[in-house]
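# Summary of the model geometry
So you can see what is in the structure, the chains are spelled out below.
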Amino acid sequence: MISAMTIIREARLRPEYSHLYPEIEAGTWLPASEVGATILMTQLRAVHPKRLGDRLLPDHHFDFRGGQMRGGATELRTRDGESGYSLEH
């Protein structure tokens, strides 16, 4: 049986990067989609938005758990470039 924990991708902000994301509580596991939405909304409301990198949730700023394991084929949306999803199909 598949539980919600295995389907939902979660992200946790690492404490050493908390100054970059004051709107997100460091060290707390949250749905990655919620964290991403929070970052995007903060950007939209900002007078001088921060420059975002290639990934909305950089691997060195966040820890991840749950969701589809990398390397497996999936119909779920994943980050571009990971197995299972491509913008070119």
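If you're wondering where the values come from, they're calculated on a predicted model, not measured in any experiment. (Residues numbered from 1 in each chain as written. Predicted model: local features only at pLDDT ≥ 70, side-chain atom pairs only at ≥ 80, totals over all residues. Heavy atoms only, no water.)

## Some points on the side chain of Glu10
With respect to the helices and strands, the residue Glu10 is situated in strand β1 (residues 10-13). Of note is the side chain of Glu10, whose polar atom sits 2.6 Å from the side chain of Arg65. (Helix = DSSP H or I, 4+ residues; strand = E, 2+ residues; numbered from the N terminus. Polar contact = N/O pair within 3.5 Å; in protein donor to acceptor, adjacent residues only side chain to side chain.)

## Regarding the pattern of salt bridges
Scanning the model with the defined rule gives four salt bridges in all. Residues Arg14 and Asp63 are paired through a salt bridge, measuring 2.7 Å at the closest nitrogen-oxygen approach. Taken together, the residues Arg14 in the loop between β1 and β2 (30-31) and Asp63 in strand β3 (residues 62-65) connect sequence positions 49 residues apart. With a shortest N-O distance of 3.5 Å, Arg55 and Asp59 are connected by a salt bridge. (Salt bridge = Lys/Arg side-chain N within 4 Å of Asp/Glu carboxyl O.)

## Quick word on the sheet that holds β2
With antiparallel pairing, the three strands of this open sheet are ordered in space as β2-β1-β3. Looking at the sheet topology across the chains shown, the edges are occupied by β2 and β3. In this structure, β1 lies alongside β3, joined through four bridges in antiparallel fashion. Bridge pairing in β3 places Ala11 opposite Phe64. (Pairing = 2+ DSSP bridges.)

By themselves, these are just geometric observations and shouldn't be taken as functional.
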